[in-house]
Amino acid sequence: MQRHLISAADLTRDDAVLILDTAEEMARVADRPIKKLPTLRGRTIVNLFFEDSTRTRISFEAAEKRLSADVINFSAKGSSVSKGESLKDTAQTLEAMGVDAVVIRHGASGAPYRLANSGWIDAAVINAGDGTHQHPTQALLDAFTMRRRLVGRDAGLGQDLAGKRITIVGDVLHSRVARSNVDLLHTLGAEVTLVAPPTLLPVGIETWPCEVSYDLDSTLPKCDAVMMLRVQRERMNAAFFPTEREYSRRYGLDGDRMAKLPEHAIVMHPGPMVRGMEITAEVADSGRCTAIEQVANGVSIRMAVLYLLLGGNEPAVTHTRPTGSEEK
Ligand code: NCD
């Protein structure tokens, strides 16, 4: 494992499988009455959020607290960033306080890379989403959810997602979730198809390790998981499709479309969902939609990442071996 987690593309298959397996161990902690491990006692982690977030911020904080780290939350709104302070000065302020890891979300693609490679700080840097670039822990929690549902919780240990067919639908152009997922799913051996209107696909898409289609209906019967993306209006500076109704009609997932999926296939969404746009309430609330499960899995994944980057030589969770099983 590298010292920082900046991009899903930096992970080897073995790194990714190790994180998924460690997350399975961490998930067991969530089933205990006291959901806490002493692993990161005495370590300080700063959550540095320059962009809005609900799930990712809360999930990192829960993960850090479950590992007993000291947690400092920083949001750009209400800080000296509003007074014009630069990322460098903010980072050096944190360094002076002796932080061990920085979890950063930033509107500018490349900000976490800059922070990790500038020499401004010594701490480990974890990218919690940068512009339209990367969101590696989201891709990991999505892969974890897929492995559990499509391979099995115990059967999945040590396994990747070889041969699984995953369709990602919607605003690929503005989506760091799509980019991270394409990278990680490819590393894990899955076959990815992106479905979007041509205006919402980035230039150079033909170099990505995936297929592209404009027709959702013909793709659905052939996939094991379909991941719906939010239309990211806050990143749009032009009209990318005629009307919302037209978008939903062609690229939204409703009950009739969901019925075209194979019986075992799951519907995923990273959240926040815009009900009525990319997904109907009927689909979002159905038993096939894993959006809430993805949030719960996010805590286990982030515990695993923090543990492996900051701690990790000891086993994550100590198991008591049954007597007689000692190695001779
Ligand atoms: C995503 C993000 O922020 O990139 N959400 C998340 O982290 N769960 C996707 C989005 O905002 O649509």
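Everything that follows concerns the structure shown earlier in this document.
Residues numbered from 1 in each chain as written. Predicted model: local features only at pLDDT ≥ 70, side-chain atom pairs only at ≥ 80, totals over all residues. Heavy atoms only, no water.

## Examining helix H3 (residues 87-96)
Part 1: Among the residues making up H3, those that are buried are Leu87, Thr90, Ala91 and Leu94. Taken end-on, H3 shows its buried residues confined to a sector of 100°, consistent with a single buried face.
Part 2: Residues of H3 that are buried sit in contact with strand E1 (44-49), strand E2 (70-75), strand E3 (101-106) and helix H4 (111-117).
Part 3: Where H3 ends, the next residue or the one after it, Gly98, has phi of about 75°, a positive value. (Buried < 20%, exposed > 50% of the residue type's maximum accessible area, 1.4 Å probe, protein only. Helix = DSSP H or I, 4+ residues; strand = E, 2+ residues; numbered from the N terminus. Arc of directions from axis to C-beta. Contact = heavy atoms within 4.5 Å.)

## Things to note about the site of the ligand
Part 1: In the vicinity of the ligand, the contacting residues are Thr56, Arg105, His135, Gln138, Arg176, Val177, Arg230, Gln232, Pro270, Gly271 and Pro272.
Part 2: Within the side chain of Gln138, one N or O atom sits 3.4 Å away from a nitrogen atom of the ligand.
Part 3: For the ligand, whose accessible area on its own is 320 Å², the fraction buried by protein is 94%.
Part 4: The cavity that encloses the ligand is the largest pocket.
Part 5: Here the shell around the ligand is built from residues that sort into three nonpolar, five polar and three charged. (Near = heavy atom within 4 Å. Polar contact = N/O pair within 3.5 Å; in protein donor to acceptor, adjacent residues only side chain to side chain. Areas by Shrake-Rupley, 256 points an atom, 1.4 Å probe, with all protein chains shown as cover. 1 Å grid on protein atoms, 1.4 Å probe; cavity = no way out; pocket = protein on both sides within 12 Å on 5 of 7 lines; lining within 4 Å. Sits in = over half its atoms within 2 Å of the grid points. Nonpolar A, V, L, I, M, F, W, Y, C, P; charged D, E, K, R; others polar.)

## Some details on the packing of helix H5 (residues 136-151) against helix H6 (residues 176-187)
Part 1: Relative orientation of the contacting elements H5 and H6 amounts to 55°, with a least axis distance of 8 Å. Here H6 runs oblique to H5, going by the angle between their axes. At the point where H5 passes H6, the crossing takes the right-handed sense. Residue-level contacts link Pro136, Gln138, Ala139, Leu140, Asp142, Ala143 and Met146 of H5 to Val177, Ser180, Asn181, Leu184 and Leu185 of H6. (Axes fitted to C-alpha atoms, helices over the stretch in contact; angles between N-to-C directions. Parallel < 35°, antiparallel > 145°, perpendicular 65-115°, else oblique. Left-handed = near helix turned anticlockwise from the far one by under 90°.)

## Looking at the packing of aromatic side chains
Part 1: Across all of its chains, the model carries three aromatic pairs by this definition.
Part 2: A centroid spacing of 5.9 Å and a plane angle of 55° characterise the contact between Phe50 and Phe74, whose relative ring orientation is tilted. Placement of Phe50 in the loop between E1 and helix H2 (55-66) and of Phe74 in strand E2 is noted, with a sequence separation of 24 residues between them.
Part 3: Seen from their ring centres, Tyr247 and Tyr251 are 5.8 Å apart, and the 35° between their planes marks the pair as tilted. With a gap of four residues between them, Tyr247 and Tyr251 both fall in helix H8 (residues 244-251), about one helical turn apart.
Part 4: Overall, Tyr251 belongs to the buried group, its relative accessible area being 4%. (Phe/Tyr/Trp six-rings, centres within 6.5 Å; stacked < 30°, edge-to-face > 60°.)

## Looking at the layout of surface pockets
Part 1: Estimated volume of the largest pocket: approximately 470 Å³.
Part 2: Together, 26 residues line the largest pocket, and Arg105, Arg176, Arg230, Gly271 and Pro272 are the ones closest to its centre.
Part 3: Looking at the lining of the largest pocket, the elements that each hand over two or more residues are H2, H5, H6 and helix H11 (291-311).
Part 4: Looking at the lining of the largest pocket, the element that brings in the most residues is H11, giving four residues.
Part 5: For the lining of the largest pocket, a count of residues per class yields six nonpolar, eleven polar and nine charged.
Part 6: Residue contributions to the lining of the largest pocket reach at least three from each of two domains, namely domain 1 (8-134 + 294-311) and domain 2 (136-290). (Points joined across faces, edges and corners; volume = space filled by probe spheres on them. Domains from an automatic or database assignment.)

## Section: the sheet that holds strand E5 (residues 165-169)
Part 1: Strand order in the open sheet formed by five strands is E7-E6-E5-E8-E9, and the pairing between neighbours is parallel. Each edge of the sheet is formed by a strand with only one pairing partner; in this case those strands are strand E7 (211-213) and strand E9 (266-268). With strand direction ignored, the average angle separating the axes of adjacent strands in the sheet is 20°.
Part 2: One ladder, built from five bridges, connects E5 with strand E6 (residues 191-195); its direction is parallel. Each residue of the ladder has a partner; that of Arg165, found in E6, is Glu191. (Pairing = 2+ DSSP bridges.)

## Focus: the environment of Asp21
Part 1: Along the polypeptide, Asp21 turns up in helix H1 (residues 13-30).
Part 2: Taking C-alpha positions, Asp21 is 24 Å from Ile104, a pair spaced 83 residues apart along the chain.
Part 3: The residues touching Asp21, leaving out its near neighbours within four places in the chain, are Arg147, Gly156, Leu157 and Gly158.
Part 4: A distance of 3.0 Å separates a polar side-chain atom of Asp21 from the backbone nitrogen of Gly158.

## Points about the packing of H1 against H5
Part 1: Two numbers describe how H1 lies on H5: the axes approach to 10 Å, and their chain directions differ by 75°. Viewed along their axes, H1 and H5 adopt a mutual orientation that is roughly perpendicular. Counted together, Val17, Ile19, Leu20, Asp21, Ala23, Glu24 and Ala27 of H1 and Leu140, Ala143, Phe144, Arg147 and Arg148 of H5 form the full contact between these two elements.
Part 2: Split by residue class, the contact of H1 with H5 holds eight nonpolar, no polar and four charged.

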